[in-house]
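Residue-level listing of the chains:
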Amino acid sequence: MSESIFQLKLEKQLLRDAQQGNQLACEKIYRLYASPAYSLARRLLVCPEHAKEATQDAFVSAFRRLSSFEGEVPFWAWLRKIVSNASIDMIRRRKPEVSLDAISGDAHHPSVTDSAANQLLLEQLLLSLCDDDRVIVWLHDVEGFKHHEIASQLGRSVSYSKTRLSRARAKLLCFAEKETPAPISAARKFSPLMKAT
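Residues numbered from 1 in each chain as written. Predicted model: local features only at pLDDT ≥ 70, side-chain atom pairs only at ≥ 80, totals over all residues. Heavy atoms only, no water.

Trainee: Is there a simple way to think about the packing of aromatic side chains in this case?
Mentor: Each aromatic ring pair is summarised here by two numbers: the centre-to-centre distance and the angle between the ring planes. With the rule as written, the count across this model stands at 7 aromatic pairs. Residues Phe69 and Phe75 carry aromatic rings whose centres are separated by 5.6 Å and whose planes lie at 90° to one another, so their mutual orientation is edge-to-face. Residue classification places Phe69 among the buried residues on the basis of a relative accessible area of 9%. An aromatic cluster of three or more residues is present, and its members are Phe6, Tyr33, Phe69, Phe75 and Trp78. One cation-aromatic arrangement involves Arg156 over Tyr160; the distance from NZ or CZ to the ring centre is 4.3 Å. (Phe/Tyr/Trp six-rings, centres within 6.5 Å; stacked < 30°, edge-to-face > 60°. Buried < 20%, exposed > 50% of the residue type's maximum accessible area, 1.4 Å probe, protein only. Lys NZ or Arg CZ within 6 Å of the ring centre and 35° of its normal.)

Rendered as structure tokens:
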């Protein structure tokens, strides 16, 4: 698993200044983490407008609670959890908008050895999952959350998270086999999402 995009160097003094209400420090923290926050929200929510709204909600929440941040975990991990919670809350508030029918089934896909094609295929694979499955796969396989953390965020049991992850991976592999012209062994290489449980 690769390092999280949230793992950015944050100066302790900048954090202390922000905790004391310094607006310039808060703005600097926002500029530092806005892109990774939006990227995570976009992966979980798919819709750019929803991702922007969830990112904004997350930063408002984070800055309101910043004075209570005590550093038990790194700041980036704390903020990443707030962003994922805001995204999950957004999913709960809206109706699903993406279905498999929205993905063009007869579109030609370039070879999976091409990184742009890999990205397109990964996006389509993720879109093939329901909201909960997409969230669990992304948080576990890409962001590195543990099952107990995901379960807590979703208000579900650890076994729910494990079961949904296993089923989602099976769906992703099945969909990849249908959509890729190359053997599935090649499709497994392009993403941590294709790893075995």
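Trainee: So what exactly am I meant to see when it comes to the nonpolar core here?
Mentor: One recurring pattern in soluble globular proteins is that nonpolar side chains are buried together. Formed by 51 residues in total, the largest nonpolar core has its most connected members in Phe6, Ile29, Tyr33, Phe75, Leu79, Val83 and Leu139. Every element with two or more residues in this core is listed here: α1 (12–19), α2 (23–45), α3 (48–65), α4 (75–93), α5 (115–127), α6 (131–142), α7 (147–154) and α8 (158–179). Looking at which element gives the most residues to this core, the answer is α4, with 11 residues. Val83 has contacts with Phe6, Ala37, Leu40, Ala41 and Ala58, leaving out every residue within four places of it along the chain. (Core = buried A, V, L, I, M, F, W, Y, C linked by side-chain atoms within 4.5 Å. Helix = DSSP H or I, 4+ residues; strand = E, 2+ residues; numbered from the N terminus. Contact = heavy atoms within 4.5 Å.)

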